[in-house]
Amino acid sequence: MTTILLAAGGTGGHLFPAEALAHELIARGFTVELVTDERAGRFAERFPVKEIHRVRSATFASKNPVAVATSLLTLWRGFREAGALVRRLRPAVVVGFGGYPTVPPLMAAVRAGRPTIIHEQNAVMGRANRFLAPRVDKIAAGIAQEAAEPTIAAKTSVTGNPVRPAVLQAAAIPYRPAGPGETFELVVFGGSQGAAFFSDAIPQAIDRLPEDLRGRLKVTQQARAEDEARVRAFYAERGIAAEVSPFFTDMAARIGAAQLVVSRSGASTVSEIAVIGRPAILVPFPYALDHDQAANAAKIEARGGAIVAAQAELSPERLAGLIEDIAADPARAATMAAAARATGVPNAAALLADLVASMPGVGGNR
Ligand SMILES: CC(=O)N[C@H]1[C@@H](OP(=O)(O)OP(=O)(O)OC[C@H]2O[C@@H](n3ccc(=O)[nH]c3=O)[C@H](O)[C@@H]2O)O[C@H](CO)[C@@H](O)[C@@H]1O
């Protein structure tokens, strides 16, 4: 059996595209192993592999010389551990999905002469992938890369961001705009870790909606654990049907049922909204170190599939106005849904698996 080793940082944004590729590779007869870090817990629950490996890694969060030396030592240990893992598993290809925990496994694979691919989900490459990009054999991109150097661009191909099977199932359900008097399902989430901003902004906006619309709302709202009780109490006081949780494991189905999505614009979020095809108000995370979330949202916005609103300019009145405009105009909502869908790449996992299968030494060997 030919083994493919996937490496991903332990947040949803990195692990979910890796999970989508794992399903596709397993269906093609490959054995898949995953290496990640201790944060993976909840996000790797449904990852279809027998064993999840962990190797040490570190990031350079501080310029303090002692902290830098400690990080270097941890990275060196991670590199040694990853080297032992690569020798033991003998993977035909190692595929990295970004995040600092992918640096030791990818470097160990390069050192051992194994074929390597990195996948970048975002329009602007993250730091770990920027470091790895000159060293790996191939680069797959979720969307066209902004400002890629010629040597990097030459080995890059756009495959789209792989989406999990649940997203493809939700994509099979056509969008149904809510007519006057019908239930209007609003789905609010802030990426895999939640966004504190929505815990205040959404209740304040809902209080400014016309009574008729408020009365027919049904809300799914992800709220960080520290905000959960407060947000739930808001909906209970107003008598609005709502489910509130720090993490929904059935998010794809909820997006599928939504008349409108309000969310951050992390790479997987934007890809899922596009593949499923639902109107969205996207509020890019303003403080991202690595990724410009506004760039992820640019394509879907340009086609009219979403409205992008900068957090700093999004008053409760404006947010209420945006929600109300879409709810009041079902034809426009349907047009937005179709426009979003036109930007989706439902076969991204297959395209990335094709790239894996095309690497030297892989073909016909499983
Ligand atoms: C703050 C930050 O640095 N965020 C980055 C991180 O985001 P983050 O890890 O939030 O990733 P994404 O926005 O790409 O994906 C969020 C994922 O979580 C899922 N979900 C969300 C809420 C929920 O309750 N249940 C659920 O399943 C969504 O369906 C989606 O699949 O990695 C992304 C991919 O590299 C980057 O684009 C983001 O900029």
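Residues numbered from 1 in each chain as written. Predicted model: local features only at pLDDT ≥ 70, side-chain atom pairs only at ≥ 80, totals over all residues. Heavy atoms only, no water.

Word for word, the UniProt comment on the protein chain under Subcellular location (unreviewed entry) is "Cell membrane". Its UniProt record, at the heading Pathway (unreviewed entry), says of the protein chain: "Cell wall biogenesis; peptidoglycan biosynthesis." (UniProt positions renumbered as here; feature names shortened; annotations may be inferred.)

Draft legend 1. Looking closely at the sheet that holds strand β10 (residues 241–245). Ordered in space as β10-β9-β8-β11-β12-β13, the 6 strands form an open sheet in which the pairing is parallel. The two strands at the open ends of the sheet, each matched to only one other strand, are β10 and β13 (306–308). Averaged over all adjacent pairs, the angle separating strand axes in this sheet is 15°, with direction ignored. Across 3 bridges, the pairing between strand β12 (residues 280–282) and β13 is parallel. (Pairing = 2+ DSSP bridges. Helix = DSSP H or I, 4+ residues; strand = E, 2+ residues; numbered from the N terminus. Axes fitted to C-alpha atoms, helices over the stretch in contact; angles between N-to-C directions.)

Draft legend 2. Structural view of the nonpolar core. Among the nonpolar cores identified, the biggest contains 38 residues, and I206, L217 and Y235 are the most heavily contacted of them. The set of elements that each furnish at least two residues to this core consists of β8 (184–189), α7 (196–206), β9 (217–222), α9 (228–238), β11 (260–263), α13 (316–327) and α14 (330–342). When residues no more than four places from it in sequence are discounted, the contact partners of L217 are F184, L186, I206, L209, I240 and A241. In this structure, L15, L25, A140 and A353 belong to the second largest nonpolar core, which totals 30 residues. (Core = buried A, V, L, I, M, F, W, Y, C linked by side-chain atoms within 4.5 Å. Buried < 20%, exposed > 50% of the residue type's maximum accessible area, 1.4 Å probe, protein only. Contact = heavy atoms within 4.5 Å.)

Draft legend 3. Geometry of α14. An ideal rise of 1.5 Å per residue puts 18 Å on 13 residues; α14 measures up with 18 Å between its terminal C-alpha atoms. Here α14 has its buried residues at A333, M336, A337, A339 and A340. Take α14 and look down its axis: the buried residues cluster within an arc of 165°, on one side only. Exposed side of α14, more than 90 degrees from the buried face: A331 and T335 are the residues found there. Check the buried side of α14 and you find it contacts α11 (267–276), β12, α12 (293–302), β13 and α13. (Expected span 1.5 Å × (residues − 1). Arc of directions from axis to C-beta.)

Draft legend 4. Examining the site of the ligand more closely. Around the ligand, 24 residues are found, and the nearest of them are N122, S192, F248, S268 and E272. S268 is positioned such that a nitrogen or oxygen atom in its backbone is 2.7 Å from an oxygen atom of the ligand. Between an oxygen atom of the ligand and a side-chain N or O atom of T269, the distance comes to 2.8 Å. Isolated, the ligand exposes 770 Å² of accessible area, and the fraction of that covered by the protein chains is 89%. Put simply, the parts of the chain that give the shell around the ligand at least two residues each are α1 (12–27), α11 and α12. Along the lines of polarity and charge, the residues of the shell around the ligand split into 7 nonpolar, 15 polar and 2 charged. (Near = heavy atom within 4 Å. Polar contact = N/O pair within 3.5 Å; in protein donor to acceptor, adjacent residues only side chain to side chain. Areas by Shrake-Rupley, 256 points an atom, 1.4 Å probe, with all protein chains shown as cover. Nonpolar A, V, L, I, M, F, W, Y, C, P; charged D, E, K, R; others polar.)

Draft legend 5. Expanded view of the UniProt feature "domain: Glycosyl transferase family 28 C-terminal" (unreviewed entry) in the protein chain. UniProt feature "domain: Glycosyl transferase family 28 C-terminal" (unreviewed entry): in the numbering of this structure it lies at residues 186–350. Taken end to end, residues 186–350 has its terminal C-alpha atoms 31 Å apart, with 50% of it in helix and 15% in strand.

Draft legend 6. How the structure looks around α1. Here α1 contains 16 residues, and its C-alpha end-to-end distance of 22 Å stays within 8% of the 22 Å for a straight helix at 1.5 Å per residue. Three or more residues of α1 are buried, namely G12, H14, L15, F16, P17, A18, E19, A20, L21, A22 and L25. Contacts from the buried residues of α1 go to β1 (3–7), β2 (31–36), β4 (93–96), α11 and α15 (348–357). Just downstream of α1 lies G29, where phi reads positive at about 95°.

Draft legend 7. Focus on the sheet that holds strand β3 (residues 52–54). An order of β3-β2-β1-β4-β5-β6-β7 is seen for the 7 strands of this open sheet, with the pairing classed as parallel. In this open sheet, the two edge strands, each paired with only one partner strand, are β3 and β7 (156–158). Taken over all neighbouring pairs, the strand axes of this sheet differ in orientation by 25° on average, direction set aside. In the packing of helix α3 (residues 103–111) onto the sheet, contacts are made with β1, β2, β4 and β5 (116–120), and the angle to β5 comes to roughly 150°.

Draft legend 8. Looking closely at the environment of P134. Mapping P134 onto the fold places it in the loop between α4 (127–132) and β6 (138–141). Setting aside residues up to four positions removed in sequence, P134 forms contacts with I152 and K155.

Draft legend 9. The arrangement of the UniProt feature "binding site: UDP-N-acetyl-alpha-D-glucosamine" (unreviewed entry) in the protein chain in detail. The sites that UniProt annotates as "binding site: UDP-N-acetyl-alpha-D-glucosamine" (unreviewed entry) are T11, G12, G13, N122, R164, S192 and Q293. Those annotated residues that line the largest cavity are R164. Within the secondary structure, G12 is located in helix α1. Filtering out sequence-adjacent residues up to four positions away, G12 remains in contact with P17, F43 and S192. Side-chain polar atoms of Q293 contact the backbone nitrogen of F285, separated by 2.9 Å. (1 Å grid on protein atoms, 1.4 Å probe; cavity = no way out; pocket = protein on both sides within 12 Å on 5 of 7 lines; lining within 4 Å.)

Draft legend 10. Representation of the pattern of salt bridges within the structure. Here the structure, examined in full by the defined rule, presents 16 salt bridges. Residue R238 pairs with E237 through a salt bridge whose shortest N-O separation is 3.3 Å. Relative accessible area serves as the criterion here: at 62%, E237 is assigned to the exposed category. R254 is the partner of D250 in a salt bridge, and the nearest nitrogen-oxygen pair spans 2.8 Å. Overall, D250 belongs to the partly exposed group, its relative accessible area being 37%. What makes R254 buried here is its relative accessible area of 14%. One network of salt bridges, with partners in common, ties together E24, R28 and D354. (Salt bridge = Lys/Arg side-chain N within 4 Å of Asp/Glu carboxyl O.)

Draft legend 11. Quick peek at the packing of α13 against α14. Put simply, α13 and α14 touch, their axes get as near as 6 Å, and they point 100° apart. Put simply, α13 runs roughly perpendicular to α14. Of α14, the residues touching α13 (which contributes D325, I326 and A327) are P330, R332, A333 and M336. (Parallel < 35°, antiparallel > 145°, perpendicular 65-115°, else oblique.)

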